Structures are given as C-alpha cells and as structure tokens.
Amino acid sequence: MTNLYDLLRQHFPADGHRTALETPDGQRMRYADLETGSGRIARLLMDCGVEPGDRVAAQIEKSPEALLLYLAVLRCGAVYLPLNTAYKGAEVAYFLSDAEPRVLVCTPENEAVLGDAARKTGVGSLLTLGEAGNGSLVERSRGLDPQVGIVARDGDDLAAILYTSGTTGRSKGAMLSHANLGSNSLTLRDYWGFTGDDVLIHALPIFHTHGLFVATHCALLSGSRMLFLNRFDADAVLDLMPRATVLMGVPTFYTRLLQNPALTKESTRQMRLFISGSAPLLADTFEAFEARTGHAILERYGMTETTMITSNPLVGKRIAGTVGFALPSIDVRIADEEGRPLPQGEVGVLEVKGPNVFRGYWRQPEKTATEFRSDGFFVTGDVAMIDEGGYIHIVGRAKDLIISGGFNVYPKEIELCIDQIEGVQESAVIGVPHPDFGEAVVAVVKRGGGQPEVTAEAIQAAAKAELANFKVPKKVFFVDELPRNTMGKIQKNLLRDRFKDSFSSAA
Ligand code: AMP
C-alpha cells in the first residue's frame, strides 16, 4: 500500500485528540477530524463517480476544508489538480479541457461562470466550497459514513497534477506520483528536524507545491500542529510567533516582516526555524533578519516538477545567497548544454535525478522527452554553480540569460552589484532587443529611499567600476514595484515586454 494518504495517516499521533490545525478565528481540527472529514468527502467523491486515476480539479480559497478535500482525493486513489485562484474563466476552461477531471470544486461565487465551462468540457460533477467552509461539498458530505477504505496505489501512480506557471507558452501539467511526494516529504521532515512538538505557521497558498506539499506534509508526517492562515499578514504572523516554532515562507514574507517593528529577538524567541524558498532570498534580507532576530533563515530550492532538491543545513552554516546542498538520495549536477557535467565552480544548468523527480508532463510525451537526458537526469532550466564548500548558488533561469554582442550575461551577477548601491532597494536585469548587439542589458530598479535619489548614471558608473563593459546596463529604468507572482517570483517576462522597444529606432 503506497497511497500517500496511508503514509501520512501512519504518522498521525496515536492520540487522535491532538490538534492538527487551528485558525485565528478559533476553528480547530484534531487528527481524528482529518480522518473523518476526509473520509466523508472521499465518500461523496465516490458517489459522484470518482474512480482511481480520475482527476479532481479544485479552484478554491484556502481553508481547513480545502485541505480535507486534498486528503479525500488521495484516499480515493484519484489525482488532485489544484488551480491557482488567480486564474480567470478562460484559463480554467483550458485546464479542464486538458486534464478532463471527473469533478470540479469551485467557490460558490464562481459556480455560474465555471459551471458553463465544466459542462462544455464534460466534467461530471460540480461542487462548491467557500472560504468559510460553506458550499455543497461540505453540505452534501456532512451525513455520510466516514469509514472509507484507502484505495491501494502503486508508487508510480499519480497523486497530483500541478500546472506550472507557464511564462513561456501554455502551462504544462506536472504529474507527481505518490512515491515522488512521499519520499520527498519524509526527507524534508527529517532534514529539518520536525517533531510532534512543532507548531508550524502555515500562511502559504495550498494550490502550489510549497504550501500544499512541503509545508502540510512536514507537519502531518510529524504529527505536529499547524496554525492555518488563509493568507499572509505580517501582524497576524507576529501575533502567532510566541506560540509557534517554524515559519515557512517565500522571500516576500521576510521582507514584509522586516518592515514591521514588532519583529524582534523577543518576538521570535520561541521560534526554532525560519525557512524560505520558491524565489531567491536576497542576501540583504538574510543579513537584516539575522541582525534583528538572531535567526539565520534556512533557504531551500525546488520546483513543481521535482519538489525539493536542495537545502541549507539545519545544523551547520546557512550561507546567504546559496540554497545549500542536494538533499539525501537526490543527485544534482551542473552541466553544459549537452548535459556534460562541468567542473566544480563553473556555471551551467542544474540537472537532477532521484525519487523526487516527476513522471512527466500530462499528455505531452514529446515535451517530457526533451527535458530529460538519456541517463535519467531532468534538466531544471535553472542556471547554477557549486562553490568550493559544496554550497549551490542559483544564478537564474536559463531563459533569462542575456546574449549581448555574442557574450553570455547572467543577470544575477549584475543584480547583486546594483543591489549594493546606496539608494537601491532591489533590481531586475533583463535583455531586450537591440539593433547592434542582438540583446542589450537593461536594469529595472526599485529605489530604496535616501536623498538625493539614486540616478541611472550613478548605477551605470558603479556597475562600470565592478563589471566588464558588456555587462553594464545600457539603460536603467525606475519602477515603484517589481512585478511578482503569488509565490514572490519576479515576472521578468512582463518586464521584457514592457521595455522591449527601448532601443527600437522610435524609442
Ligand atoms: P515553481 O515550479 O513555481 O515552484 O518554481 C520553481 C522555480 O523557482 C525554480 O525553477 C527556480 O527558478 C525558482 N526557485 C525556487 N526556489 C528558489 C530559491 N531558493 N532560489 C532561487 N530560485 C528559486
């Protein structure tokens, strides 16, 4: 029996009265409630005709009931397909036609608009779940018998399909198996030292690998307690810290916490671990957080297709600007464009092999084949380097590489240089079309206050003092905010589009 739900349940505390999660408004679910609640929903899904291998799609707000739905889908041996709440009707319609789910769960507010798309794409049943736990999913499952067996699954059977953010072309469905998720979750629980005494502040969305798998599984596999917030709010998180031990977040959580004067050594005294991932954590943020609280944020790295790949150590030095070491039983190499391993210290594409690596893209065997090497390594598309201490540095996405006048330019190197300049808060360096150079280096900068305001000329002069001429930004633009997606990643595709005409003859 390798059903992931069974693995989780085996680690639930023997005392079912122990709290699994609680919300700030006083809602509490014990481990026993996770079992009965997910059992009832599993029963409802089976009544709706859900069979092993069927997809169950959900575009719902975060709530304890949403977590029960995920567990229920696993119990039925079906495949969970969570959708980002930001997707609009036409986008959801595409996912429905691509994944052909048996059931769609949406918010009561979206029922009318998505109902239409669901009918057109042949979805068998439409259920609703609101943020307050309202809607037909809970109403119809309320009286049902929770004693539902766990459907036996093979390790390679699918547990979930997560659509990637799709900044180039259509978003692809990454197929994750029970074994992928189970192995990675056990590794993380042990690597980060989770025990039943931990209390995790869970303020991440649960449609993404970070909040749904990394955070939730670490807690459930150690029988610990989650403080479940529907969204991140610095005041609310700080209020909870005296009762918590671990926070998992994206870098924006940490920059927002730093803006709050209530973040102090005293307010974080109870915490044992702060974890960051899903986007690069600036060294400045790491250092400011350590200076203010005495805690060194533990940065880790992974992606939807592979779950977690590397982590800074729990015991031992956590180094700012690095993502640490490959996790146990995961092989990582830095390779050239043909997949040939490069010597330590050289920059190349990070490739990974291990039980964590996904089963491929849903109904896209050709696309899947192009992303794997013949020896089984998956090409992540992240550009990285391993330093002499063995720590891995993520330099950026391969597709963000700039080729200017035939030279390769890695944006991260220039961003690090610009971010140190007085009066700069953060920067994003991109390549835009240029009539002579093919692409030109452009910096988009968010100022960080200070008088007089930092100028484009000052930034170019500082870059020129440190970097080869071809890396110096040909233009510098100032913005109030850099565009970010919900997981805190800077959307360079939007910036490239906005500034694409900077060097056209009309510009
Ligand atoms: P997603 O599939 O949405 O989880 O995005 C995965 C991508 O996020 C990776 O391929 C990296 O480009 C980026 N990423 C995740 N964690 C980190 C990190 N700690 N530092 C730098 N980039 C990261």
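Refer to the structure printed above.
Caption draft 1: Seen up close, the nonpolar core. Core analysis: the biggest nonpolar cluster contains 111 residues, and Leu 45, Leu 69, Tyr 70, Trp 192, Met 248 and Leu 257 have the highest contact counts within it. In terms of residue count, helix α3 (residues 64-75) provides more of this core than any other element does, nine residues in total. Leaving out residues up to four positions away in the same chain, Tyr 70 has contacts with Leu 4, Tyr 80, Leu 181, Leu 212, Phe 213 and His 217. Counting 21 residues, the second largest nonpolar core, distinct from the first, contains Tyr 94, Leu 104, Leu 158 and Met 175.

Caption draft 2: Representation of the sheet that holds strand β1 (residues 19-22) in the model. The strand order across the open sheet formed by nine strands is β2-β1-β10-β9-β11-β12-β13-β14-β15, and the pairing between neighbours is mixed. Strands at the two margins of the open sheet, each flanked by one partner only, are β2 (28-30) and β15 (325-326). Two elements, strand β11 (residues 246-249) and strand β12 (residues 273-276), share four bridges in a ladder whose sense is parallel. Bridge pairing links Val 246 to Leu 273 in β12.

Caption draft 3: Region of interest: the sheet that holds strand β19 (residues 392-397). Ordered in space as β16-β17-β18-β19, the four strands form an open sheet in which the pairing is antiparallel. Each edge of the open sheet is held by one strand with a lone partner, namely β16 (331-335) and β19. If you compare each strand with its neighbour and ignore which way they point, the axes differ by 45° on average. Looking at chain direction, strand β17 (residues 348-353) and strand β18 (residues 378-386) are connected through four bridges and run antiparallel. Bridging from a neighbouring strand, Gly 348 pairs with Ala 384 of β18.

Caption draft 4: Layout of the pairing of strand β14 (residues 307-311). Among the five residues of β14, five are classified as buried, and the element is accordingly described as predominantly covered. Of the pairings in the sheet, the one linking strand β13 (residues 298-303) to β14 comprises four bridges and is antiparallel in character. Considered in β14, the bridge of Met 303 is made with Thr 307. Where β13 hands over to β14, the hairpin turn is made up of three residues, counted between the paired strands. Taken together, the two bridges between β14 and β15 define a ladder with antiparallel strand orientation.

Analysis parameters
Residues numbered from 1 in each chain as written. Predicted model: local features only at pLDDT ≥ 70, side-chain atom pairs only at ≥ 80, totals over all residues. Heavy atoms only, no water. Core = buried A, V, L, I, M, F, W, Y, C linked by side-chain atoms within 4.5 Å. Buried < 20%, exposed > 50% of the residue type's maximum accessible area, 1.4 Å probe, protein only. Helix = DSSP H or I, 4+ residues; strand = E, 2+ residues; numbered from the N terminus. Contact = heavy atoms within 4.5 Å. Pairing = 2+ DSSP bridges. Axes fitted to C-alpha atoms, helices over the stretch in contact; angles between N-to-C directions.

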